[in-house]
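# Residue-level structure breakdown
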Amino acid sequence: MSAESPSLLRRLDQNLEKPLLVAGMLLMIFIISYQTIYRYSITSFISALENPGIFMSLLGQLTDLSFLREHASSLVGGAVWTEESARYIFIWISYLAIPLAIRQRTNIRVDILYDRVGERLQAASWIVVDLCLLLFSLFMLREGASYVQMQIQMPQMTAALRIPYFIPYLILPVGFGLMALRCCQNLAAQVRQCGPRDSLCAAALTVVLFLPPLFMEDGNAIALLFGYFIILLAIGVPIAFSLGLAGLMTVVGADTLPADYLASVAFTSIDSFPIMAIPFFIAAGIFMGAGGLSQRLLRLADALVGGLPGGMALAAIATCMFFAAISGSGPATVAAVGTLTIPAMVERGYDRLFAAAVVAAAGAIGVMIPPSNPFVVYGIAGQASVGKLFLAGIIPGLLTGLALMLTTYLIARRHGWRGERRERWLNGVILAAWQAKWALLVPVIVLGGIYGGIMTPTEAAAIAALYGLLVGIFVYRELNFTSICSCCREAASTSAVIIMLMAMASIFGNVMTLESIPERIATAIMAFTQSKLTILLLVNILLLWVGTFMEALAAIVILTPILLPLALKVGVDPIHFGVIMVVNLAIGFVTPPVGVNLFVACGITGEKISLVSRAAVPFLVAMLLVLLAVTYIPQISLCLL
């Protein structure tokens, strides 16, 4: 028994959050899908009662239609509990997934300096990072517990569920408490690896880093905010925690906001129905990738363009375009399509580096063609219509795909790489399309539901996730209990990193707003030049540079409040500006050192990122040409609106 106890505790420790993430993700999907179906059914039923047709006439012979009309409106509120319960589950699983990300070190961070130092400094730097995370987690644990205590002392009830508010807010002490626990576990392991001397030096450096604000009475808020943010990014602190800590140090040193306000913002900033579209779209892409839909899409693409020079590479790009209409994520598109197409290209004689570069570049289309997580994040950050952003991204995404196809065709023709030589008939295309019909229906459901006024983007995302789950289980039968749990954990963990980033960016953004930083930057640039063309060129250069070292969603969250006011001052449509930002940062998926698509493609091929980056240069040139066209010809983005 004594031998089994440590093993049981170890398993519990390793899997503490995982069952909750799986259950929470599935509950969210089912609750919002139920809400959507219920509301649509009731609305259609009431409309039919008001405009009776043949069916209602027959029903009227069996029952009293006037009685149904009187009581039908009362059914509308039957699902009022769904949105609120799903929002609270979403907040809980978001903060429960972060401790897992801390333990596995999967939070988004900037590794430029880290990659340039020796192993000893790298190991010591993790102690500094873990101490920074521990400091912030303990602060939020204390403030979160204080906030919950206040809610208990002055009880209030939630609007729909009628439960005490302290219950949903309990996630603050629970979630940040688990983060602190995971930080301590990482610290213990890292101290054992580094030894006492390096560990003490790292701890002393951390103390020195955070001492100055404690002795300030009225520090410069702008210097503290951006100074700490840049320093923390440079030493490798995850971007979300860098934002939160920079805000905290500014609050301490400049007394910009009450410290307990940070805990409230950590909850209220993500208590938003539109933000829930992010985990749903991520889950939809993961379910469909694991459920076999990407294989059917590849067969269709091969049937369409596989016979041309570079046929398999062209099919890979076309498949990425199809999958982009499902996943909303660049790396997910590369992973789902690349694992199938890169080995197939190498087997047929294509250069391995070329194969990796093609798929890495084409994966960037995953964030342009709707649904797109970056468009959702920009829509929330810039208070723009997500539906209009989705429409605006279609043509730029298609143009990027065509530009990559043309580049691929020219390169393949020069090297003599041809598609598979076999008879290709229209019947083959029709058969491949029929086999891929379940995958091809996804964009129809999502976009048709949104623009048909049936669903909001969040509801469409939930329906897409449920659809992918059901198709994978009952149609293609490639999803089982184990794979479903794995998919749910991956979706929850991936989305939680983004959600945490958005929550901490709200703290950072509130401090910026109080100090009027966006307005100051816009005024300074306008004093330098008022030319719309020049300002857009400068914005493009900035975004391309930022995209080389920062993940796209993080860049959108941080830069939208700064750059959007400037764009509006020179007369740029906010929807058009959103497309400019997303296309710019999509190129960042293929530019080192933080080109995530490159990392995924390199993981599949086993090649060095420097070699794949070199092979991707022609595709980057093609994407830059599309970017210039999108930037200076607004009609490309706005013509479908």
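Conventions we followed
- Residues numbered from 1 in each chain as written.
- Predicted model: local features only at pLDDT ≥ 70, side-chain atom pairs only at ≥ 80, totals over all residues.
- Heavy atoms only, no water.
- 1 Å grid on protein atoms, 1.4 Å probe; cavity = no way out; pocket = protein on both sides within 12 Å on 5 of 7 lines; lining within 4 Å.
- Points joined across faces, edges and corners; volume = space filled by probe spheres on them.
- Helix = DSSP H or I, 4+ residues; strand = E, 2+ residues; numbered from the N terminus.
- Nonpolar A, V, L, I, M, F, W, Y, C, P; charged D, E, K, R; others polar.
- Core = buried A, V, L, I, M, F, W, Y, C linked by side-chain atoms within 4.5 Å.
- Buried < 20%, exposed > 50% of the residue type's maximum accessible area, 1.4 Å probe, protein only.
- Contact = heavy atoms within 4.5 Å.
- Patch = residues over 30% accessible without salt bridge, like charges linked within 9 Å, V, L, I, M, F, W, Y side chains within 5 Å.
- Areas by Shrake-Rupley, 256 points an atom, 1.4 Å probe, with all protein chains shown as cover.
- Salt bridge = Lys/Arg side-chain N within 4 Å of Asp/Glu carboxyl O.
- Axes fitted to C-alpha atoms, helices over the stretch in contact; angles between N-to-C directions.
- Parallel < 35°, antiparallel > 145°, perpendicular 65-115°, else oblique.
- Left-handed = near helix turned anticlockwise from the far one by under 90°.

## Topic: empty space enclosed by the protein
The full count for this structure, using the stated rule, is 3 cavities of 30 Å³ or more. What the largest cavity holds in volume is close to 70 Å³. As for the largest cavity, its lining consists of Ala101, Ile102, Arg105, Thr106, Asn107, Arg109, Trp126, Val129, Asp130, Leu133, Asn186 and Pro238. When residues of the lining of the largest cavity are traced back to their parent elements, those giving at least two are helix H5 (80-104) and helix H6 (119-153). For the lining of the largest cavity, the element with the most residues is H6, which contributes 4 residues. Split by residue class, the lining of the largest cavity holds 6 nonpolar, 3 polar and 3 charged.

## A word on the nonpolar core
Ranked by size, the top nonpolar core spans 231 residues in total, and within it Tyr95, Met504, Met550 and Val590 carry the most contacts. Of the residues forming this core, the biggest block, 19 residues, is contributed by helix H23 (residues 481-514). Beyond its immediate stretch of four places on either side in the chain, Met504 contacts Tyr95, Phe136, Ala240, Leu243, Gly244 and Ala266.

## Topic: a nonpolar patch on the surface
Nonpolar side chains collect at one region of the surface, where Phe528, Leu533, Leu537, Leu538, Ile541, Val617, Val621, Leu625, Leu628, Tyr632 and Ile633 lie side by side and expose about 1000 Å² of accessible area between them. For the nonpolar patch, the elements supplying multiple residues, two or more each, are helix H25 (532-547) and helix H30 (617-632). Looking at the nonpolar patch element by element, the count peaks at 5 residues for H30. Along the chain, the position of Leu537 falls in helix H25. Note on Leu537: relative accessible area 40%, which makes it partly exposed.

## Some thoughts on the layout of surface pockets
Roughly 1200 Å³ of internal volume is contained in the largest pocket. Along the walls of the largest pocket sit 43 residues, with Ser329, Pro331, Thr494, Val596 and Val600 positioned nearest its centre. Elements supplying a minimum of two residues to the lining of the largest pocket: H5, helix H13 (277-290), helix H14 (293-305), helix H15 (311-327), helix H16 (330-347), helix H18 (373-381), H23 and helix H28 (596-605). The element contributing the most residues to the lining of the largest pocket is H16, with 7 residues. Lining the second largest pocket are 19 residues, with Ile380, Ala381, Ala505, Ser506 and Pro561 positioned closest to its centre. Considering each element in turn, the lining of the second largest pocket owes the most residues, 6 residues, to H23. For the lining of the second largest pocket, the residue count by class is 11 nonpolar, 8 polar and no charged.

## Here's the deal with the packing of H13 against H23
Where H13 contacts H23, the axes come no closer than 9 Å and their chain directions differ by 150°. When the interaxial angle is binned, H13 and H23 end up roughly antiparallel. In this structure, H13 meets H23 at a crossing whose hand is right-handed. Every residue of H23 that contacts H13 at Ile278, Pro279, Ile282, Ala283, Ile286, Phe287 and Ala290 is listed here: Ile484, Cys487, Cys488, Glu490, Ala491, Thr494, Ser495, Ile498, Ile499 and Met502. Residues that form the contact of H13 with H23 fall into these classes: 14 nonpolar, 2 polar and 1 charged.

## Quick look at the environment of Leu566
Summarising the element assignment, Leu566 is placed in helix H26 (residues 552-569). Placed 177 residues apart in sequence, Leu566 and Leu389 show a C-alpha to C-alpha distance of 19 Å. Non-local contacts of Leu566, meaning those with residues more than four positions away in its chain, are made with Ala522, Ile525, Met526, Ile535 and Val539.

## Brief notes about the pattern of salt bridges
Scanning the model with the defined rule gives 9 salt bridges in all. When the shortest N-O distance is used, the salt bridge between Glu83 and Arg87 registers 3.6 Å. Remark: Arg87 and Glu83 occur in helix H5; sequence separation between them is 4 residues, near one turn of the helix. Residue Arg87 is classed as buried on the basis of its relative accessible area, which comes to 14%. Its salt-bridge partner being Glu143, residue Arg142 comes within 2.6 Å of it at the nearest N-O pair. We classify Glu143 as buried; its relative accessible area is 8%.

## A look at the environment of Tyr409
For Tyr409, the position within the fold is in helix H19 (residues 386-415). Given the relative accessible area of 26%, Tyr409 is considered partly exposed. Tyr409 sits 99 residues away from Phe508 along the chain, and the two C-alpha atoms are 46 Å apart. Dropping the residues within four chain positions of it, Tyr409 is found in contact with Pro309 and Leu314.

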